[in-house]
Amino acid sequence: MDILMIEAVVAELQAKIAGARIDKIFQPEADILILRVWNGRENLRLLISVAPRSPRIHLSTQSFPNPPAPPRFCQLLRARLDRITEVRLVENERIVQLSCRGGDGQDYLLVVELLGRRSNVALVDAAGTIVDVWRRDKEAPGERPLLPGQAYRLPPQRPLMPLAELKALPTELREPKATAQWLFRQVTPMSSFVARDLAASLEAGAALVNQIEELLARRHNQSYAPVVGRHEGKPFVSPFALTALALEETCEFPSPSEAAEYFYALVLGDSTDVGEQRALLHLVNRRETRAARRLERIFAENEEQMEVEGLRVAGKLVLANLFRIKKGMHVVTVEDYYLDPPQRRAIPLDPQLTPAENAEQYFRRYKKTKRAEEHIARRLSETRQELAWLADVRHALEQAVEPADIAVIRAELEDAGLLGATRQVEKRQLPDLRRRVRSALSPGGYQLYWGRNNRTNDYVTRELATARDWWFHAKDIPGCHLVLKARPGVDEVPEEDLRHAAGLAAGYSRAADSAKVEVMVARVADVRKPKGAPPGQVSVRSFRTLLVSPKKIPE
């Protein structure tokens, strides 16, 4: 996060969380800290990260798990901090200071240093002494100490030219690339992409003084127009719209925090990841964990439910033995003729109720428990379906190798309500699903089609296939829907072709590394999509299985 973007975020934080009460502080990951605050109007989450690749601070809409035991520094902040009174940026530094008030009435400074590999967070008391730091790294020679008990000092500043004093460029700068590098390294505050945009504007004939004055005015007036996009294939984020650079996939955002969150979702993947892949995987994994916990709770609720038929039978037996029961009795022993052979059974009674009222109470409990049982069964089915869908989404993300596939999966998550839709200058068109379907020929020349993700799986099964075609899927394992197109007038398919198709279905499943995989084989006529089911989810009325070795087609 460059200094101009930090400046924009700090302006937003000062407007939104200055004076806010800190409700909770937790550390969901080793390098991420979350402060949940209430500003009198809404609950907000402040994210602070000291990760070497992505040090940042911004508001976040993302949900994070709260670990059961807070780490040392997190526990200290919980004990000391009660309210945020002010947010400010240290001039010409990527250092944010949050003035805080403690529950004991003491003043503290939470200092967030976003300095790449040296990023850290320090809690400083009113006397300027470090109470503690997030990372207690021993100080290297020549650097300032960041250790508990030491006086907090800012890092030494490099001699840079203030942006307001820039009137002319060195005469030896002739190429836009050299101009951008000089601006970024010698002028403050400056970001790499604003520097490139300025250099491109100068190359197009714009006057330097006019460009600097305009930039200064936008900073002074906080006229932020956050934008995320790509330049030469690499993602960038800027607090201002860039006008002279050739940009790709540009998205505008209403706030610097939203832009920052989207930007880091793009760049946090490993170098082998495709764009947002890691961020989406993180989201899907959290949702899977949440759904799995919900499934455990549903099973626990189901076990707590009394056997529903036992209540109905008890009511009938009480009704049939009214002549034996008197008000005030706690229990009645009757012959349970619903058992074979009949047995004596003791039925508890409410002594405050009449015999008829006791029977009615059993029937009421039966109806209530029956409704609860049906509700539990519905929730159980829905949660299992959600887990199956999420497993398919995760598998598709893990297998994705092109940005187009990520775009399709992201749209699916947006439609499911798991991800807020991006605000774009021009809504990006999703790839044509027909172009995202894999295809091949079997040894006997039969045409095969299979999907890369849930939406292309739906397209293959519901639009490319006809009732007479053959459908394949790894049994009880996330994977592709594969269709073998039947030939007109030919009902049977050679076993070799069926096994080849089954091998591909196994190869494009999560069990691709297994020696043998069980694959379902069915007519498409026996495959249907349940009403309201998410993409890629089907039910199969009749099928057989083949045990095959997984295989893939070289791409």
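What counts, and where the lines are drawn
- Residues numbered from 1 in each chain as written.
- Predicted model: local features only at pLDDT ≥ 70, side-chain atom pairs only at ≥ 80, totals over all residues.
- Heavy atoms only, no water.
- Helix = DSSP H or I, 4+ residues; strand = E, 2+ residues; numbered from the N terminus.
- Rg over C-alpha atoms; globule rule 2.2 N^0.38 Å.
- Buried < 20%, exposed > 50% of the residue type's maximum accessible area, 1.4 Å probe, protein only.
- Contact = heavy atoms within 4.5 Å.
- Areas by Shrake-Rupley, 256 points an atom, 1.4 Å probe, with all protein chains shown as cover.
- Lys, Arg positive; Asp, Glu negative; His and termini not counted.
- Charge placed at Lys NZ, Arg CZ, Asp CG, Glu CD.
- Phe/Tyr/Trp six-rings, centres within 6.5 Å; stacked < 30°, edge-to-face > 60°.
- Lys NZ or Arg CZ within 6 Å of the ring centre and 35° of its normal.
- Arc of directions from axis to C-beta.
- Pairing = 2+ DSSP bridges.
- Axes fitted to C-alpha atoms, helices over the stretch in contact; angles between N-to-C directions.
- Polar contact = N/O pair within 3.5 Å; in protein donor to acceptor, adjacent residues only side chain to side chain.
- Salt bridge = Lys/Arg side-chain N within 4 Å of Asp/Glu carboxyl O.

Colleague: I would appreciate a short explanation of the overall build of the chain in the present structure.
Modeller: Helix and strand content of the chain: 12 helices and 24 strands. Taking 555 residues into account, the globule formula puts the C-alpha radius of gyration at 24 Å, and the chain, at 32 Å, lies well above it. Evaluated residue by residue, the chain yields a buried proportion of 47% over its 555 residues. For the chain, the proportion of contacts with a sequence separation of at least 24, taken over those separated by at least 6, is 57%. Accessible area of the chain: about 28300 Å², with a carbon and sulfur share of 49%. Both charge centroids of the chain, one from 82 positive and one from 74 negative side chains, sit 4 Å from each other.

Colleague: Just to check I follow, could you spell out the packing of aromatic side chains for this structure?
Modeller: The geometry of two aromatic rings is summed up by the distance between their centres and the angle between their planes. Counted under the stated rule, the structure contains 7 aromatic pairs. Relative to Y262, the ring of F253 lies with its centre 5.2 Å away and its plane at 40°, an arrangement referred to as tilted. With relative accessibility at 9%, the residue F253 sits in the buried group. For Y262, a relative accessible area of 8% corresponds to the buried category. Measuring from centroid to centroid gives 5.0 Å for F263 and Y264, while their planes differ by 75°, and the two rings are edge-to-face. Taken as a pair, F263 and Y264 share a single burial class, namely buried. Positioned above the aromatic ring of Y446, the side-chain terminus of R487 is 3.9 Å from the ring centre. Between K552 and the ring centre of Y508, over which it is positioned, the NZ or CZ distance is 5.4 Å.

Colleague: Explanation requested: helix α2 (residues 72-80) in the structure shown.
Modeller: Residues that lie three or four places apart on an α-helix share one face, since the helix turns once every 3.6 residues. Of the residues making up α2, those classed as buried are F73, C74, L76 and L77. Looking straight down α2, one finds its buried side chains confined to an arc of 160°; they lie on one side. Against the buried residues of α2 lie β1 (21-29), β2 (32-38), β7 (107-113), β8 (120-125) and β9 (130-133).

Colleague: When you look at the pairing of β9 in this model, what are you seeing that I'm missing?
Modeller: Each regular strand carries side chains that alternate between the two faces of the sheet. Bridge analysis of β8 against β9 gives 3 bridges, and the strand direction is antiparallel. Looking at β9, one finds that L123 is bridged to D132.

Colleague: Sorry, what's going on with the pairing of strand β12 (residues 227-231) here?
Modeller: Burial analysis of β12 places 5 of its 5 residues in the buried class, the great majority of the element. In β12, alternate side chains face the same way, and those of V227, G229 and H231 on one face and V228 and R230 on the other are all buried. As defined by bridge partners, β12 adjoins strand β13 (residues 234-238) across 5 bridges and the pair is classed as antiparallel. Directly across from V228, in β13, lies its bridge partner V237. The antiparallel pairing of β12 with β13 creates a hairpin that spans 2 residues between the two strands, and E232 there sits at a positive phi of about 55°. Where β12 meets strand β14 (residues 248-252), 3 bridges bridge the pair, whose relative direction is antiparallel.

Colleague: How should I be thinking about the sheet that holds strand β21 (residues 517-523) in this particular structure?
Modeller: Within a sheet, neighbouring strands are paired by backbone hydrogen bonds and run either parallel or antiparallel to one another. Spatially, β17-β18-β20-β19-β21-β24 is the arrangement adopted by the 6 strands of the open sheet, whose pairing is antiparallel. Lying at the two open borders of the sheet, with one neighbouring strand each, are β17 (438-441) and β24 (544-548). Looking at each pair of strands side by side, their axes are set apart by 25° on average, direction ignored. Where strand β19 (residues 470-474) meets β21, 5 bridges bridge the pair, whose relative direction is antiparallel. Note on β21: the bridge partner recorded for W470 is R523. Relative to the sheet, helix α12 (residues 495-507) contacts β17, β18 (447-450), β19, β20 (482-484), β21 and β24, its axis offset from that of β24 by approximately 75°.

Colleague: Can you help me understand the side chain of N358 in this one?
Modeller: With respect to the secondary-structure elements, N358 resides in helix α9 (residues 355-399). A polar contact of 2.8 Å, which involves the side chain of N358, links it to the backbone nitrogen of D350. Setting aside residues up to four positions removed in sequence, N358 forms contacts with V318, L349, D350 and L353.

Colleague: I'm lost on the pattern of salt bridges in this one. Help?
Modeller: Pairing is possible between side chains that carry opposite charge, provided their charged atoms lie close to one another. One pass over the structure, following the stated rule, counts 21 salt bridges. One salt bridge connects K16 with E12, and the closest N-O pair in it is separated by 3.2 Å. Of this pair, K16 and E12 both sit in helix α1 (residues 3-17), separated by 4 residues, roughly a single helical turn. With relative accessibility at 7%, the residue E12 sits in the buried group. For R344, the salt bridge is made with E335, and the minimal N-O distance between the two is 3.7 Å.

Colleague: Would you explain helix α3 (residues 176-186) in this entry?
Modeller: The complete set of buried residues in α3 reads T179, A180, W182 and L183. With its buried residues spanning 165° around the axis, α3 presents them on a single face. Taken together, the buried residues of α3 touch β11 (187-188) and α4 (192-203).

Colleague: Hey, could you run me through the sheet that holds β12 in this one?
Modeller: With antiparallel pairing, the 3 strands of this open sheet are ordered in space as β13-β12-β14. The two strands at the open ends of the sheet, each matched to only one other strand, are β13 and β14. Along the sheet, successive strands turn relative to each other by an average axial angle of 20°, direction set aside. Across the sheet, helix α6 (residues 256-267) lies against β12, β13 and β14, angled at about 165° from β13, the strand it touches most.

Colleague: What should I look at first to understand the environment of A20 in this one?
Modeller: Its location among the elements puts A20 in the loop between α1 and β1. Overall, the relative accessible area of 0% leaves A20 in the buried class. For the pair A20 and P145, spaced 125 residues apart in sequence, the C-alpha to C-alpha distance is 31 Å.

These figures come from the coordinates and say nothing about function on their own.
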